[in-house]
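# Reading the structure
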Amino acid sequence: MLFALAMDAVKAAVGVLDLSTVLVLVVSFLATVVLLGRSRRRGRLPPGPRPWPLIGNLPSLTAHPHRKFTEWRGRYGDVYTVRMGPDDVVIVNGWDAARESLVRQADDFADRPRLYVFDRLSHGGKGVIFGQYNLAWKANRKFVTTTLREFGLGKQSMETRIQEEARELCNWLGSYDGRPLDTGLLASAASNVICSVVFGSRFPYEHEDFRQMMALLDRGLRLSMVGQIFNMFPWARFVPFLSNLGNQVIDNCDQIDEFLKKIVKKHKDSFDPETRRDVIDAYLHQMWQGMDLNSNDLADKFSEEHLVALMFDLFVAGTDTTASTLRWALLFLATHPDVQSKVQEEVDRVVGRETPVSLAHRPDLPYTDAVLHEVLRMRSPAALSPPHMTGTDVTLNGYDIPQNTQVYINLWSLHMDPAYWPDPERFDPTRFIGSNGKVLPNPPSYAPFSLGRRACAGKQLAKSETFLFLVSMVQHFSFKLPEGAAAPPMDGVMGFALAPPQHSLCAVSRD
Ligand code: HEM
């Protein structure tokens, strides 16, 4: 994946050079550097596929690394090592090894590697996603989970915010009057929920600030993938034609920073100690409390830099993941009309066409809920976890893994394991319904939000959003492929999230 993404992005960004020239230049440069002596021992790491000189196993990890990792599981077992560029990376597959690492040895597998681009994006490891596993990370992670929960209870609750966005989304779908629409636009709805929670208000989709932010984030996501080149080969930013790319990554980070800092400034100027309009206000409360108490300890954990990194995290983690899940859900419904009819029948019976759906309806909509579970099993946007890192020397499945080793959890291997999910490529929501007719609470070999210390901090928000958005959409529309169009390939495209390829659907009004 990393190799393919990096190459795609290099191609797009360099523009004037054709891809083969770029490849030859990159490989020649790498060869020179590596032949000059850069190499690393694999130590006592678990064995895995034989790596190529210089680039390791990257050529095998082109479009669908999660599938390749799952295939290699058959040959090398649940835990093995691959080489990504110069780095040894341990791949963890299957339910048992995932739980052994992320749950039973939770602290030891909870760190993140310090990689060049991630470091830039996170102001040197601040925020939550890329933060090192230390006291500041723990404090900020606790802040996020608590604040997201509090907004669930507040006056302008999370639910109300999502319901408002779902209404706008349906208006927007209706404006196409059944004509084909690009479901990529669902990202605006997902992003707007984050705006509402973080900035205090949603934006009209055509608002200039909103469009600017979406463009910056979109470019940031694409560049963060290009950035994998610099993560693996940090010196590449000094190579003349690649430095241009490196500058673009940094320039985009700076622009996002500036944008977010402006919003923080507006909040500081209009701050009222008696109210908390949103996540930024809640953070400023926390930050200034540290200053009032003259506490260095709090100041080290809560600062404006941490806040900006955190805001960035919420947009990055909360937009593409949620939008991809919804896009997959609509695509599965459009290609499985029998499932769509059952969902609509259940929604009509329990909620009706006029009442706005609420979270309280969920227990009475087990089939619809099961559809979302099945979508997240079959096409979880996080087929692979972001890189973890061992914080100490550890033993896993009998192998010694040294401190500071990168570890990827192959969540795809859990969800596609035929021992738990017979005929895993068959879309069958009833797998998630127990004999009592309810959705199974914690099925084994299922972890779309991952496990342990680093498990998704926005899980509840994501579950609420996907449920309320999906039910609102099927209440008012039936989804189908445009007349005569074939279903797009269902393998997905690996970017920041595993997303469906670009495609159109028709939202035909049921009203
Ligand atoms: C369907 C939607 C989503 C899915 C499937 C998903 C899944 C994940 C996964 C697999 C991870 C990585 C866990 C690991 O490293 O092992 C993660 C991390 C994270 N997610 Fe989500 N996520 C979703 C939506 C959201 C939303 C809406 C937010 C909040 C706005 C969010 C916030 C985060 C954060 C902050 C992290 C970093 C946690 C950490 O490193 O401590 N996610 N998510």
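Residues numbered from 1 in each chain as written. Predicted model: local features only at pLDDT ≥ 70, side-chain atom pairs only at ≥ 80, totals over all residues. Heavy atoms only, no water.

## Describing the side chain of glutamate 465
Following the sequence through the fold, glutamate 465 ends up in helix α17 (residues 459-476). For the buried residue glutamate 465, which engages in no salt bridge, the nearest side chain bearing the opposite charge is arginine 362, 11 Å off. The contact partners of glutamate 465, leaving out residues within four places of it in the chain, are Ile162, Ala190, Val193 and Thr322. (Helix = DSSP H or I, 4+ residues; strand = E, 2+ residues; numbered from the N terminus. Buried < 20%, exposed > 50% of the residue type's maximum accessible area, 1.4 Å probe, protein only. Lys, Arg positive; Asp, Glu negative; His and termini not counted. Salt bridge = Lys/Arg side-chain N within 4 Å of Asp/Glu carboxyl O. Contact = heavy atoms within 4.5 Å.)

## Regarding the confidence of the model for the chain
Across the chain, pLDDT averages 87, with 89% of residues at or above 70. Contacts for the low-pLDDT stretch residues 35-41, under 50 throughout, to residues beyond four places or in other chains number 9 contacts. (pLDDT = per-residue confidence, 0-100.)

## Considerations on the coordination of the iron atom of the ligand
Among protein atoms, the single one acting as a donor to the iron atom of the ligand is Cys456 (SG), 2.3 Å away. Position of cysteine 456 among the secondary structure elements: in the loop between α16 (411-415) and α17. (Donors = N, O, S within 2.8 Å, 3.2 Å for Na, K, Ca; no water.)

## Comments concerning the sheet that holds strand β2 (residues 87-93)
The mixed open sheet is built from 4 strands, whose spatial order is β1-β2-β7-β4. A strand with exactly one partner marks an edge of an open sheet, and here the two such strands are β1 (79-84) and β4 (388-389). Where β2 and strand β7 (residues 406-410) come together, 5 bridges link them in parallel fashion. Residue pairing for β7: valine 92 is matched across the bridge by isoleucine 409. (Pairing = 2+ DSSP bridges.)

## A closer look at the packing of helix α13 (residues 304-335) against helix α14 (residues 337-350)
As a packed pair, α13 and α14 sit with axes 5 Å apart at the nearest point and diverge in direction by 110°. Classified by the angle their axes make, α13 and α14 are roughly perpendicular. For the pair α13 and α14, contact is made by Leu333, Ala334 and Thr335 and by Pro337, Val339, Gln340 and Val343, respectively. Classifying every residue of the contact of α13 with α14 gives 5 nonpolar, 2 polar and no charged. (Axes fitted to C-alpha atoms, helices over the stretch in contact; angles between N-to-C directions. Parallel < 35°, antiparallel > 145°, perpendicular 65-115°, else oblique. Nonpolar A, V, L, I, M, F, W, Y, C, P; charged D, E, K, R; others polar.)

## Some details on the nonpolar core
Counting 122 residues, the largest nonpolar core has Phe69, Met84, Phe199, Met213, Met311, Phe469 and Met473 as its most contacted members. When residues in this core are grouped by element, the largest group, 17 residues, is from α13. Contact partners of phenylalanine 199, with chain neighbours within four places excluded, come to Ile194, Met213, Leu260, Ile263, His267, Asp278, Ile280, Met311 and Phe315. (Core = buried A, V, L, I, M, F, W, Y, C linked by side-chain atoms within 4.5 Å.)

## Comments concerning the UniProt feature "binding site: heme" (unreviewed entry) in the chain
In this structure's numbering, the residues bearing the UniProt feature "binding site: heme" (unreviewed entry) are Cys456. The class for cysteine 456 is partly exposed, based on a relative accessible area of 35%. Setting aside chain neighbours within four positions, we find cysteine 456 in contact with Arg141 and Phe449. (UniProt positions renumbered as here; feature names shortened; annotations may be inferred.)

## Section: the sheet that holds strand β8 (residues 477-480)
Read from one edge to the other, the open sheet built from 3 strands follows the order β3-β11-β8, with strand pairing classed as antiparallel. Across the chains shown, the open sheet's two edge strands, defined by having one partner strand only, are β3 (180-182) and β8. Strand-to-strand, the axes of this sheet are offset by a mean angle of 40°, without reference to chain direction. Sheet topology note: the β8/strand β11 (residues 504-509) ladder contains 4 bridges and is antiparallel. Paired with phenylalanine 477 across the two strands is serine 509, which belongs to β11. Seen against the sheet, α17 touches β8 and β11 and runs at an angle of roughly 95° to β8.

## Comments concerning the packing of helix α8 (residues 186-198) against α17
Where α8 contacts α17, the axes come no closer than 12 Å and their chain directions differ by 135°. When the axes of α8 and α17 are compared, the pair comes out oblique. Every pair of crossing elements has a handedness; the one defined by α8 and α17 is right-handed. Along its contact with α8, which presents Leu186, Ala189, Ala190, Val193 and Ile194, the element α17 presents Leu461, Glu465, Phe469 and Met473. (Left-handed = near helix turned anticlockwise from the far one by under 90°.)

## What about helix α4 (residues 95-104)?
If you check which residues of α4 are buried, you get Trp95, Ala97, Ala98, Ser101 and Leu102. Along the long axis of α4, the arc covered by the buried residues comes to 165°, so they all point the same way. If you follow the buried residues of α4, they end up packed against β1, β2, β4, β5 (394-396), β7 and α16. (Arc of directions from axis to C-beta.)

## Section: the packing of aromatic side chains
For the structure on display, the rule yields 21 aromatic pairs. Through successive ring pairs, a cluster of aromatic residues spans Phe199, Phe203, Tyr205, Phe210 and Phe315. In this arrangement the basic side chain of arginine 202 is found over the ring face of tyrosine 205, its NZ or CZ atom lying 5.4 Å from the centre. Taking NZ or CZ as reference, arginine 362 lies 5.2 Å from the ring centre of phenylalanine 467, over its face. (Phe/Tyr/Trp six-rings, centres within 6.5 Å; stacked < 30°, edge-to-face > 60°. Lys NZ or Arg CZ within 6 Å of the ring centre and 35° of its normal.)

## Concerning the site of the ligand
In the region of the ligand, 27 residues are neighbours, and Arg112, Arg141, His388, Ser450 and Cys456 sit closest. Within the contact set of the ligand, a nitrogen atom lies 3.5 Å away from a backbone nitrogen or oxygen of alanine 317. Going through the elements one at a time, α6 (135-153), α13 and α17 are the ones with two or more residues in the shell around the ligand. Per-class residue counts for the shell around the ligand are 16 nonpolar, 8 polar and 3 charged. (Near = heavy atom within 4 Å. Polar contact = N/O pair within 3.5 Å; in protein donor to acceptor, adjacent residues only side chain to side chain.)

## So, the pairing of β7
The element β7 is largely enclosed, with a buried count of 5 among its 5 residues. On β7, burial covers both faces: Gln406, Tyr408 and Asn410 on one face and Val407 and Ile409 on the other are all buried.

## Regarding the side chain of aspartate 257
Its place among the elements puts aspartate 257 in helix α10 (residues 240-269). Here aspartate 257 occupies a buried position and makes no salt bridge, while the nearest side chain of opposite charge, lysine 261, is found at 4.2 Å. If we ignore the near neighbours within four places in the chain, the residues touching aspartate 257 are His123 and Val308.

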